[in-house]
Amino acid sequence: MNKWTKTVIIGLTALLGLTACGNGQEAKQETETVKLGLVGDDTRDWDSVRDRLADEGIKLEYVKFSDYNQPNQALAQGAVDLNAFQHQVFLDKFNEQFGTDLVAIGNTVVAPLAIYSNKIDKIEDLADGAKVAIPNDVTNGGRALILLESAGLIEVDDAAGITPTLNDITKNDKNLQIEEMDASQTPRALGDVDIALVNSGYAVDAGLDPKTDALFTEPVDERSKPYVNIVAARKEDKDNPVYAKVVDSYQTDETKKVIDEKSKGANLAAWEEFGKK
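**Student:** For this particular structure, what's the right way to read the nonpolar core?
**Tutor:** One recurring pattern in soluble globular proteins: nonpolar side chains tend to sit buried together. Within the largest apolar cluster, 27 residues are counted, with the highest numbers of intra-cluster contacts made by V39, Y68, Y116, A133, A196, V198 and Y202. Listing elements by their share of this core, those giving two or more residues are α3 (71-76), α4 (88-98), β5 (114-116), β10 (195-198), α6 (200-205) and β12 (228-234). It is α4 that contributes the most residues to this core, 3 residues altogether. In this view, A133 contacts E179, M181, A189, V193, I195, A196 and L197; residues no more than four positions away in its chain are not counted.

**Student:** Explanation requested: empty space enclosed by the protein in the structure shown.
**Tutor:** Any space left empty among the atoms is revealed by the rolling of a water-sized probe across them. A full pass over the atoms with the stated rule returns 1 cavity of 30 Å³ or more. In this structure, the largest cavity spans a volume of roughly 610 Å³. What lines the largest cavity is a set of 33 residues, among which V39, F85, G201, N229 and K262 lie closest to the centre. Grouping the constituent residues of the lining of the largest cavity by class yields 15 nonpolar, 12 polar and 6 charged.

**Student:** Before we go on, may I ask you to explain the sheet that holds strand β2 (residues 58-65) in this structure?
**Tutor:** Through backbone hydrogen bonds, the strands of a sheet pair up, either in parallel or in antiparallel fashion. Taken together, 6 strands build an open sheet; the order of strands is β2-β1-β3-β12-β4-β13 and the sheet is mixed. Here the strands that pair on one side only, and so sit at the sheet edges, are β2 and β13 (268-269). Bridging between strand β4 (residues 102-110) and β12 involves 6 bridges; their strand directions are antiparallel. Residue L102 lies in a different strand from β12, and its bridge partner there is R234. In the packing of helix α2 (residues 44-54) onto the sheet, contacts are made with β1 (32-39), β2, β3 (82-87) and β12, and the angle to β2 comes to roughly 155 degrees.

**Student:** What is the right way to read the confidence of the model for the protein chain from this model?
**Tutor:** Regions with low pLDDT carry predicted coordinates that are not meant to be interpreted in detail. Taken as a whole, the protein chain shows an average pLDDT of 89; of its residues, 90% reach a score of 70 or greater. Predicted confidence is poor over residues 2-29, with pLDDT under 50, and the contacts of this stretch with residues over four places away or in other chains come to 2 contacts.

**Student:** Explain the environment of I120 to me, please; I cannot follow it from the model alone.
**Tutor:** Inspection of the secondary structure assignment puts I120 in the loop between β5 and β6 (131-135). Put simply, I120 and I195 are 75 residues apart on the chain and 8.2 Å apart in space, counted from C-alpha to C-alpha. Excluding anything up to four places from it in sequence, I120 contacts D125, L126, I195 and L215.

**Student:** In this structure, what is going on with the packing of aromatic side chains? I would like to understand it.
**Tutor:** Each aromatic ring pair is characterised by the separation of its centres together with the angle its planes make. For the structure on display, the rule yields 7 aromatic pairs. Seen in terms of ring centroids, Y68 and F90 are 6.0 Å apart; in terms of plane orientation they differ by 70 degrees. Their pairing is edge-to-face. Taken together, the residues Y68 in the loop between β2 and α3 and F90 in helix α4 connect sequence positions 22 residues apart. Y68 sits in the buried class, given a relative accessible area of 13%. Judged by centre distance (5.7 Å) and plane angle (80 degrees), the ring pair of Y250 and W271 falls under edge-to-face. Taken together, the residues Y250 in helix α7 (residues 241-250) and W271 in helix α9 (residues 270-274) connect sequence positions 21 residues apart. For W271, a relative accessible area of 9% corresponds to the buried category.

**Student:** Looking at this model, I keep getting lost on α7. Mind explaining?
**Tutor:** Three or more residues of α7 are buried, namely V242, Y243, V246, V247, S249 and Y250. Along the axis of α7, the buried positions cluster into a sector of 165 degrees, meaning they face one direction only. Sitting at the head of α7, N240 places a side-chain oxygen 2.8 Å from the backbone nitrogen of V242.

**Student:** Can you walk me through unusual backbone geometry in this structure?
**Tutor:** Excluding glycine, a negative phi dihedral is what most residues carry, and trans is how most peptide bonds are arranged. The phi angle at N175 is positive, at roughly 55 degrees, despite the residue not being glycine. If you trace the backbone, N175 turns up in the loop between β8 (169-171) and β9 (177-181). Owing to a relative accessible area of 47%, N175 belongs among the partly exposed residues under this scheme. A positive phi angle is found at K264, which is not glycine, with a value near 60 degrees. Topologically, K264 is positioned in the loop between α8 (253-262) and β13. By relative accessible area, K264 is classed as partly exposed at 39%.

**Student:** I tried to follow the layout of surface pockets on my own but got confused; where do I start?
**Tutor:** Its boundaries defined by the atoms lining it, the largest pocket holds a volume of some 300 Å³. As for the largest pocket, its lining consists of 16 residues, of which I146, S150, I162, R223 and Y227 are closest to the centre. With 5 residues, the top contributor of residues to the lining of the largest pocket is helix α5 (residues 138-150). Residues belonging to the lining of the largest pocket are distributed by class as follows: 6 nonpolar, 3 polar and 7 charged.

**Student:** Hey, could you run me through the environment of R234 in this one?
**Tutor:** Within the fold, R234 resides in strand β12. R234 gets classed as buried once you look at its relative accessible area, which sits at 12%. Considering only alpha carbons, one finds R234 and G78, 156 residues apart in sequence, at a separation of 8.6 Å. Excluding its chain neighbours within four sequence positions, the residues that come into contact with R234 are L75, A76, G78, V80, D81, D101, L102 and V103. For R234, the side chain forms a polar contact with the main-chain oxygen of V80, separated by 2.8 Å.

Calculation rules
Residues numbered from 1 in each chain as written. Predicted model: local features only at pLDDT ≥ 70, side-chain atom pairs only at ≥ 80, totals over all residues. Heavy atoms only, no water. Core = buried A, V, L, I, M, F, W, Y, C linked by side-chain atoms within 4.5 Å. Buried < 20%, exposed > 50% of the residue type's maximum accessible area, 1.4 Å probe, protein only. Helix = DSSP H or I, 4+ residues; strand = E, 2+ residues; numbered from the N terminus. Contact = heavy atoms within 4.5 Å. 1 Å grid on protein atoms, 1.4 Å probe; cavity = no way out; pocket = protein on both sides within 12 Å on 5 of 7 lines; lining within 4 Å. Points joined across faces, edges and corners; volume = space filled by probe spheres on them. Nonpolar A, V, L, I, M, F, W, Y, C, P; charged D, E, K, R; others polar. Pairing = 2+ DSSP bridges. Axes fitted to C-alpha atoms, helices over the stretch in contact; angles between N-to-C directions. pLDDT = per-residue confidence, 0-100. Phe/Tyr/Trp six-rings, centres within 6.5 Å; stacked < 30°, edge-to-face > 60°. Arc of directions from axis to C-beta. Polar contact = N/O pair within 3.5 Å; in protein donor to acceptor, adjacent residues only side chain to side chain.

Given below as structure tokens:
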């Protein structure tokens, strides 16, 4: 090997080394962080998603909230990139109330609302004048009133649609004393009221088993579609390919299995029941 050939080889080796180093830095720069707003501390359904996304260069970072009032504000203001805690009706009402344009980019779970009690074993045993706790937000409150109607406890005006209020109750033969409170507080109210209508996530967080502890559960059928939980984004990000990967990584058999374990069989994979979006 002559001196010129050796010089060329050494030069090429050095250049390849720099290129490899440059590619490593480029790959590192391409790693994207996606901040996901969640309600509550149980992130099991998202943990395996986070692991799968990491293999694709996406870092999923949780931002946790304690109630339903904060995550959409955070999304609208850019404090998070996505959130996953609400159904479509809730999102529509938020957009209407605050003039935002948040959109759904994928279905997650169907989480039936249910009636619980520490004082009675059957819904038929509910006494006249009983105290009832329901969520105080428009969408879950209306959903709760419809569930009370389905259980044969009250009747509401059909003209109110899927968001009736206390003023839309047309029949209350048991003279139920309905108290509105933050949805997160409904399971805690079980010591003070006769029955409470509790969202599935809050029920599980409170140690309730939706399959065995619920006195009456919302049926899952076509009427449930407005209450399918979703991943939400800002309108300008609805076609973001990275966020689409987050949804795709969620809508898998692995996630479905975790949903079943986490909810003790109460929640269903919404993308199988009602489609991916």
